[in-house]
Amino acid sequence: MNTVDLTVDEAERPLPQLARQGLEVRALKSGILTGLTWLTAALAAIPLISVIYMLLMQGGARLFGTGVVEVLTGLPPAGFEQGGGIGPAIVGTLAMVGIASLISIPLGILAAIYNGVLEPRSWTANTSRFLAKVLTGVPSIMAGVFVYAVLVAHWGYSAWAGGLALAVLMLRTVVLAAEEAMAQVPQRMKDAAYGMGCTRTQVIWKVVLPTGLPGILTGVLLAVAGAAGESAPLLFTALFSNYYISQLSEPTASLSILIYNFSGMPFPNQIELAWTASLVLVLMVLGFNILARLIGQPKV
Amino acid sequence: MTNMFEAADSVSPISGPPRALEYANDRIFRGIAWTSAFLVIALTGFILWEVGRQAAPAIQAYGLGFITGTEWNVNQGEFGVLPEIWGTLYSSLLALALGGLFGIAIAIFLTQDFIHHRLAMIFRTVIEMLAAIPSVVFGLWGIYILIPLLKPGAEWLHDQLGWFPLFSTDLAGPGMAPAALVLAIMILPTVAAITVDAFHRIPYKIKEAAYGMGTTRWEAILKVMVPTASSGILAALVLGFGRALGETMALAMLIGNANQISLSLFSPANTLASLLASTFPEAGHLEVQALMYAALVLLAITFLVNVMGQMVQQYTIRKFEGKR
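Let me begin by describing the structure that accompanies this report. (Residues numbered from 1 in each chain as written. Chains lettered and ligands numbered in written order. Predicted model: local features only at pLDDT ≥ 70, side-chain atom pairs only at ≥ 80, totals over all residues. Heavy atoms only, no water.)

Let's talk about the interface of chain A and chain B
Phase 1: Each partner contributes residues to the interface: chain A has 75 residues there, and chain B has 75 residues.
Phase 2: Between chain A and chain B, roughly 6,700 Å² of surface is buried when both sides are summed, and carbon and sulfur atoms account for 79% of that area.
Phase 3: Here chain A is connected to chain B by two salt bridges.
Phase 4: If you list the elements that add at least two residues to the side of chain A that touches chain B, you get helix 2 (25-63), helix 4 (87-118), helix 5 (123-136), helix 6 (141-155), helix 7 (159-183), helix 9 (200-229), helix 10 (255-263) and helix 11 (268-296) of chain A.
Phase 5: It is helix 2 of chain A that provides the largest number of residues to the side of chain A that touches chain B, a total of 17 residues.
Phase 6: For the side of chain A that touches chain B, the class distribution of residues is 52 nonpolar, 20 polar and three charged. (Contact = heavy atoms within 4.5 Å. Buried area = accessible area lost by both parts, 1.4 Å probe. Salt bridge = Lys/Arg side-chain N within 4 Å of Asp/Glu carboxyl O. Helix = DSSP H or I, 4+ residues; strand = E, 2+ residues; numbered from the N terminus. Nonpolar A, V, L, I, M, F, W, Y, C, P; charged D, E, K, R; others polar.)

Some points on the side chain of T248 of chain B
Phase 1: Relative to the helices and strands, T248 of chain B resides in the loop between helix 10 (230-246) and helix 11 (249-254).
Phase 2: Polar side-chain contacts of T248 of chain B include one of 3.0 Å to the backbone oxygen of G246 of chain B.
Phase 3: Not counting the four nearest positions on each side in its chain, T248 of chain B is found in contact with I141 and A232 of chain A together with A273, S274 and A277 of chain B. (Polar contact = N/O pair within 3.5 Å; in protein donor to acceptor, adjacent residues only side chain to side chain.)

Observations regarding the side chain of T252 of chain A
All names here are of chain A.
Phase 1: Within the fold, T252 resides in the loop between helix 9 and helix 10.
Phase 2: The exposure class of T252 is buried, given its relative accessible area of 1%.
Phase 3: Separated by 3.4 Å, the side chain of T252 and the backbone nitrogen of A159 make a polar contact.
Phase 4: In this structure the side chain of T252 is engaged in a polar contact, spanning 2.9 Å, whose partner is the backbone oxygen of E250.
Phase 5: In this structure T252 touches G92, M96, S158, A159, A238, L239, F240, S241 and I245, once residues within four positions along its chain are discounted. (Buried < 20%, exposed > 50% of the residue type's maximum accessible area, 1.4 Å probe, protein only.)

Pasting the structure below:
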């Protein structure tokens, strides 16, 4: 057997080049891509900044100016009329979101209780959970089409129809979010309550709902925010009206439809009001969003 | 009846078997909860049945010719939605290409240590806020900012490269390009948020292992992080595509509602959702039936996209993430 005699010098291999090679192909590629990523992020920020700037400049001029009361309470102007406001649209949006909330929140939370706590693995729970997810993928205008077929075709345009269309859209969000929130409640807490002799209903009312409340509220508020910003389902359910609603069974104005209608008009006054309405709508939606985030934050 | 739990009375009133009233309450409440859960099922069924019932006369009258027809003429009773199907798919694909690319790039930007993680959190919140801006507001922005901004560029492209199908017409106002751009901006937050979640789910060790082998940052991202997160990224893209298909108001305001099939980015077009939005309020009896049929077609397309997305996702999970 041959043994190889190695001197110390021969045995030592040269150390690989470990310092960063800025001009090496790989490093160059990495550098270029990093630059591109920064560029992409900056580019994507432009529309957002532009939207916010326009909202504040065009909409803010009217909203934060002297005529704020007129803007928030006045009737929409017609044709060449100057001034005017978006009062009926604000009230209409609030009314229809209110109707939608009254229908979808209790129904959604109850369904979530059944799906998440009572019988999570039953056929009803599995199917309704699956269908709620399917409904999430359905375009929002379908809610309008559905309500048109069921209500509007027989009884005409109304706030009820608009509210119902929004309720269909809110329901799916509330069901899924509330179930997820209730799933966060530790099993041990429920077991402790069962051990005390509670019925399932008592466990739900005294343990699951209070503990899961922040999460449920977050989901509910996000659903409300989404509904307030919706326009497609209102287009041919609530239609539009230039006056304050006196009863819920007549066509009703909403902020989003007002923006849609006014955006195509050739009058600067209307276009300015469309921007103002946009600002009010965005503030409303963001308000619900921020509230949802604050409530949903884990308590330390 | 004797109390089976007599011991309970003597120990403490805190715990004990439920009383008859509590049992009754429990029954009733569970019944109500079941009814609610069942109502979700019933509602979905009712939506399908009702829209289908209303569309039935149109389905019988026009059959499959409705899908291949290119005319929408109320007076002659001719209805076809091929241009709308084309416009829906074309605008959504353009938006997906652009919004998807930017969304994923931003997700990489926010998760792969380009900026401090606190700053990334703030950016993330800003992106989620962007998702909350209603689509009519984007439509308004598109009409008064984007279209005037695009016009000179579109004119130049048409003059110089008019022979190229994408630029074969001039931008006269509303059209495919502004619609697709706004659509891209609208799906960007969805894509970015879900992709960020997908990157966050990757264990930190995996990144450390990649860097430990001497990869550059982008080799780690492109060869390790992106494949590992691929199913999540695909889910984000499918969801974004689905949203683009169903988006209504911004498109109704920006796409021009023209019943034509054109490859040109600058020609007006139409989508199924904006056809519904723009014709429904003034539609007569016959036209409503046709519109219900169009709504069913839209529903079928979104459903197909979602099912296909699920299948592709299953495939990538098997291929790249090694889970079975």
